[in-house]
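Given next are the chains, with one letter for each unit.
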Amino acid sequence: MKLHEVSLQEAITLLRSKRASSVELVNVFLERIKKYNPKLHAFITVRDEQEIIAEATKADQERAKGSDRLLLGIPIVLKDNFLTQGLRTTAASKVLDDYIPQYDATAVSRLKNAGAIILGKTNLDAWGHGSSGEHTEYGITRNPYDYERVTGGSSSGSGAAVASDLCIAATGTDTGGSNRQPASYCNLVGLKPTYGRVSRYGIIAMASTTDSIGHLTKRVWDSAAILSVTAGNDPLDATSSTEPVQQYHERLADKGRVKIGIPKEFFEGLETKLVTKVLQALDVLKARGHRLIEISLPNVKYAYAIYCVTVSSEVSSNLARFDGIRYGFPRQRFQDEAKRRIMIGTHSLSAGYADQYYKRAIAGRTLLIREFEEAFQKVDLIAGPVFPFPPFKHGEREKDPLKMYLSDVLTVPANLTGHPAISVPIGFVDNLPNGLQLIAPHFSETRLFRVSLEVEQELRMYERKPRLKQ
Amino acid sequence: MRTKSSITIKEVKHVSRLAKLSLNEAEAARFKAQLASIFEYVNQIAGMRTQDVTETSQVTGTTNRFREDRVNRNTILSQTASVSQAKRTHRGYFVTKSIFKGRNETS
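Sequence order as written defines the numbering, with residues in each chain counted from 1. In the order they appear in the text, chains get letters beginning with A and ligands get numbers beginning with 1. Only residues with pLDDT of 70 or above have their local features reported here, since the model is predicted, and side-chain atom pairs are shown and tallied only from 80 upward, although totals for entire chains, interfaces and linings are computed over all residues.

### Here's the deal with the overall build of chain A
Here comes step 1: Going along the chain from the N terminus, every DSSP run of H or I of four or more residues is numbered as a helix, and every run of E of two or more is numbered as a strand. Within chain A one finds 14 helices and eleven strands.
Here comes step 2: In this treatment the radius of gyration is a C-alpha quantity, and the globule benchmark scales as 2.2 Å times the residue count to the 0.38 power. Its C-alpha radius of gyration of 21 Å places chain A within 12% of the 23 Å reference for a compact globule of 470 residues.
Here comes step 3: Overall, the C-alpha framework of chain A stretches about 60 × 60 × 45 Å when taken along its three principal axes.
Here comes step 4: By definition, residues are in contact whenever their C-beta atoms, placed on the basis of the backbone, come within 7 Å of each other. If you take every contact in chain A between residues at least 6 apart in sequence, the share linking residues at least 24 apart comes to 77%.

Written out as structure tokens, the structure is:
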């Protein structure tokens, strides 16, 4: 295997056994970033090469002295809405084109404390608004498996960077599907942890009640290991959970049969070829001894409408802070997508409309949560597709905002209910990747990882690499 | 169930003012059409039986969190760092836009 293709688990093994050094690793990736990023647009900012090599040298020295922090010397990248002290953070918007954060997000400090080396900041749909990677002001990210198509979003650059082997792993935020979607379209594992599992402190807020801080990785073990580092209570985020954190990556061996609920509503109006792929993946789980049970979640049909009102309302409030006075540039620099969402939210909250929209949506959210809680009385996991269709072409859905928004119908329910969810690669439709979505009860990430690992071991989709262009 | 909800051009201009977004006429017209179709879709939430249903404010059972009212030096920014990203500062302070017009404010 080539060095750049290693998973996190393999990289750790190589470093521990001294078969590779951190300096070798970062050099391989820096070389590839130079070669492939100009076309892919995965990065907004790549850090200074000398600084990165100096950090890798230090990591190698530290390891020689016996240190074995989990991510020591591992090159990773961060979505550009994670604040990084001294390193430009733009949220892919020209409003923050020159913003240099004064502090690190908690997730970033935790990754640094575990020894990770940050190569750069990745592209996204500006402010996290989008599911295609097209709403950026720093070059539309291309899907490594087909440059004419979208990566999925909003963690578009993170998806492209990991899938193209420009790094070992990438962070992402998931407010309505932003980690699961690019994972599905880029043949990766994408995690949306339970709401509050990972601190939101220092993440540029999109919607405060649904923002979930996760990551995109090549393999399931990698996803579990990174969560073991980033998860945990943070006094700086009062909504972060005090539930004990597990060493998720050490608990993957536990076998056990689970009951998997298949909501019929998740399959309505989907492309046939995609449904076939998902059903094949579910058959794999059935053959492994898990039970598949058809369930019904009737309120799911309202999920996108509830999400649209709730999240846009929170967006309008969170983006109100960008006044061009304390940091960044004036509000004139907001592009159409942000303006649209701010206005949807402002209208939903405005006098005369708040009862009809905002209040009704947050009450409707309660009904959706109850429905999921009831389902989890009967089943251990809920499974379905991630996107209603395979990766689409650039510009194909952009012109009609509603059509674009509705690509999120299958991912937003878990954000509204706060449940952890994952996308795991299951197969290619017309040479384009797709994922299976699994949703678990609150704080049951271990179960998500265990069952995803079985899908991964059986289908081995990670072996299928993209052919990159220069 | 309500079927008519399309947002008017007047309302679009009103919310853009509330949100401090300046739109020209062409933008207002374009956003009006887009927002109208989005709200038409959103209107289906009227079909949910939400009367007397508790509104969701949090999802994982979190209750109030308190901490001691003590300054943590590790989590505060110095004055210099705080204003370091501002386009305009004056003696370590942010310079804001004036709100009152026609008054002879000292500057």
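Structure shown, so let's carry the discussion forward.
### Observations regarding the overall build of chain B
Here comes step 1: Counting its secondary structure elements, chain B contains three helices and two strands.
Here comes step 2: Across the 107 residues of chain B, 16% fall into the buried class.
Here comes step 3: Sequence separation of at least 24 residues holds for 44% of the intrachain contacts in chain B that already meet a minimum separation of 6. Residues with at least 20 other C-beta atoms within 10 Å of their own are called buried, those with 12 or fewer are called exposed, and the rest are partly exposed. The C-beta atoms themselves are positioned from the backbone.

### What about the nonpolar core?
Residues and elements named next belong to chain A.
Here comes step 1: Joining buried Ala, Val, Leu, Ile, Met, Phe, Trp, Tyr and Cys residues through C-beta atoms within 7 Å gives a set, and that set is a nonpolar core. Among the nonpolar cores identified, the biggest contains 147 residues, and Ile 76, Cys 167, Ala 303, Ile 306, Cys 308 and Leu 438 are the most heavily contacted of them.
Here comes step 2: In terms of residue count, helix α9 (residues 300-318) provides more of this core than any other element does, eleven residues in total.
Here comes step 3: With residues up to four places along the chain from it excluded, the contact list for Ala 303 reads Leu 368, Val 409, Val 412, Pro 413 and Leu 416.

### Brief notes about the UniProt feature "active site" (unreviewed entry) in chain A
Residues and elements named next belong to chain A.
Here comes step 1: On the UniProt side, "active site" (unreviewed entry) is annotated at positions that read Lys 79, Ser 154 and Ser 178 here. The named residues occupy 100 residues along the chain; their greatest pairwise C-alpha distance, 10.9 Å, places them in one compact cluster.
Here comes step 2: Tracing the sequence through the fold places Lys 79 in strand β2 (residues 75-79).
Here comes step 3: Using a count of 34 C-beta atoms within 10 Å as the deciding quantity, one classes Lys 79 as buried.
Here comes step 4: Among all residues touching Lys 79, those that are not within four sequence positions of it are Thr 122, Leu 124, Ser 155, Ser 158, Ala 170, Thr 171, Gly 172 and Thr 173.
Here comes step 5: Here Ser 154 shows up in the loop between β3 (117-122) and α5 (156-163).
Here comes step 6: The class for Ser 154 is buried, based on 36 C-beta atoms found within 10 Å.
Here comes step 7: Aside from chain neighbours lying at most four places away, what touches Ser 154 is Leu 124, Asp 125, Gly 128, His 129, Gly 130, Ser 131 and Ser 178. UniProt positions are given in the numbering used here, feature names are shortened, and annotations may be inferred rather than shown by experiment.

### Points about the environment of Ile213(A)
Residue and element names in this part refer to chain A.
Here comes step 1: Structurally, Ile 213 can be placed in strand β6 (residues 212-217).
Here comes step 2: Each C-alpha atom, one on Ile 213 and one on Thr 175, is 8.6 Å from the other, the two residues being 38 residues apart in sequence.
Here comes step 3: Discounting residues that sit within four places of it in the chain, Ile 213 has contacts with Ala 107, Thr 173, Pro 193, Val 198, Ser 199, Arg 200, Ile 203 and Thr 230.

### Re the interface of chain A and chain B
Here comes step 1: In this assembly, 49 residues from chain A lie in contact with 39 residues from chain B.
Here comes step 2: For the side of chain A that touches chain B, the elements supplying multiple residues, two or more each, are α9, α10 (336-349), α11 (355-378) and α12 (401-405) of chain A.
Here comes step 3: At eleven residues, α11(A) tops the list of elements feeding residues into the side of chain A that touches chain B.
Here comes step 4: Ten residue types, Ala, Val, Leu, Ile, Met, Phe, Trp, Tyr, Cys and Pro, are classed as nonpolar, four, Asp, Glu, Lys and Arg, as charged, and the remainder, Gly among them, as polar. Grouping the amino acids of the side of chain A that touches chain B by side-chain chemistry returns 26 nonpolar, 16 polar and seven charged.

### Quick word on the sheet that holds strand β9 (residues 381-385) of chain A
Residue and element names in this part refer to chain A.
Here comes step 1: An order of β1-β3-β2-β4-β6-β5-β10-β11-β9-β7-β8 is seen for the eleven strands of this open sheet, with the pairing classed as mixed. The open sheet terminates on both sides in strands that have one partner only, identified here as β1 (43-46) and β8 (291-295). Neighbour to neighbour, the strand axes of the sheet diverge by 30 degrees on average, direction disregarded.
Here comes step 2: One requirement defines pairing of two strands: DSSP has to find at least two bridges between them. Across four bridges, the pairing between β9 and strand β11 (residues 432-439) is antiparallel. Bridge pairing links Gly 384 to Gln 437 in β11.
Here comes step 3: Axes, fitted as lines to C-alpha atoms, cover a helix only where it is in contact. Angles between the N-to-C directions of the axes lie from 0 to 180 degrees. Strands in contact with helix α7 (residues 220-230) are β4 (169-174), β5 (189-192), β6 and β10 (421-429); relative to β6, the strand with the most contacts, it is inclined by about 145 degrees.

### Some points on the packing of α10(A) against helix α1 (residues 9-18) of chain B
Here comes step 1: Interhelical geometry of α10(A) versus α1(B) gives an angle of 100 degrees and a closest axis separation of 9 Å. The pairing of α10(A) with α1(B) is recorded here as roughly perpendicular in orientation. Packed against α10(A), whose contacting residues are Met343(A), Thr346(A) and His347(A), the element α1(B) presents Glu11(B), Val12(B), Val15(B), Ser16(B) and Leu18(B) at the interface.
Here comes step 2: Of the residues assigned to the contact of α10(A) with α1(B), the class counts are four nonpolar, three polar and one charged. Angular relationships are summarised with four words: roughly parallel below 35 degrees, roughly antiparallel beyond 145, roughly perpendicular across 65 to 115, and oblique for the angles in between.

### What about the pairing of β9(A)?
Residue and element names in this part refer to chain A.
Here comes step 1: In terms of residue burial, β9 counts as a mostly covered element, since five of its five residues are buried.
Here comes step 2: Inspection of the sheet shows strand β7 (residues 259-263) paired to β9 by two bridges, in the parallel sense. Bridge pairing links Ile 260 to Leu 381 in β9.

### A few points about the packing of α9(A) against α11(A)
All names here are of chain A.
Here comes step 1: Two elements in contact, α9 and α11, have axes whose closest approach is 9 Å; the angle formed by their N-to-C orientations is 130 degrees. Compared by their axis directions, α9 and α11 come out oblique. Taken as a pair, α9 and α11 cross one another with a handedness that is left-handed. Between α9 and α11, the contacting residues are Tyr 302, Ala 303, Ile 306, Val 309, Thr 310 and Ser 313 on the first element and Tyr 357, Tyr 358, Ala 361, Ile 362, Gly 364, Arg 365 and Leu 368 on the second. Note on convention: near helix rotated counterclockwise from far helix by under a right angle means a left-handed crossing. Clockwise means right-handed.

### Quick look at α1(B)
Since the α-helix packs 3.6 residues into each turn, any two residues three or four apart lie on the same face.
Residues and elements named next belong to chain B.
Here comes step 1: If you check which residues of α1 are buried, you get Glu 11, Val 12, Val 15 and Ser 16. Looking straight down α1, one finds that the buried residues subtend no more than 135 degrees of arc, so they occupy a single side. The outward face of α1, more than 90 degrees from its buried face, is lined by the exposed residues Lys 10 and Arg 17.
Here comes step 2: Among the residues trailing α1, Lys 20 stands out with phi positive, at a value near 55 degrees. Each direction from the helix axis to a C-beta atom contributes to the arc, which is the arc of those directions.

### Structural notes on the pairing of β4(A)
All names here are of chain A.
Here comes step 1: Of all six residues making up β4, six are buried, and the element is well covered by its neighbours.
Here comes step 2: Where burial is concerned, the two faces of β4 agree: the one with Ala 169, Thr 171 and Thr 173 and the one with Ala 170, Gly 172 and Asp 174 are both buried.
Here comes step 3: The sheet contact formed by β2 and β4 spans two bridges and is parallel. The residue bridging Ile 76 from the neighbouring strand is Ala 169, located in β4.
Here comes step 4: Note: β4 against β6, six bridges, orientation antiparallel. Residue pairing for β6: Ala 170 is matched across the bridge by Leu 216.

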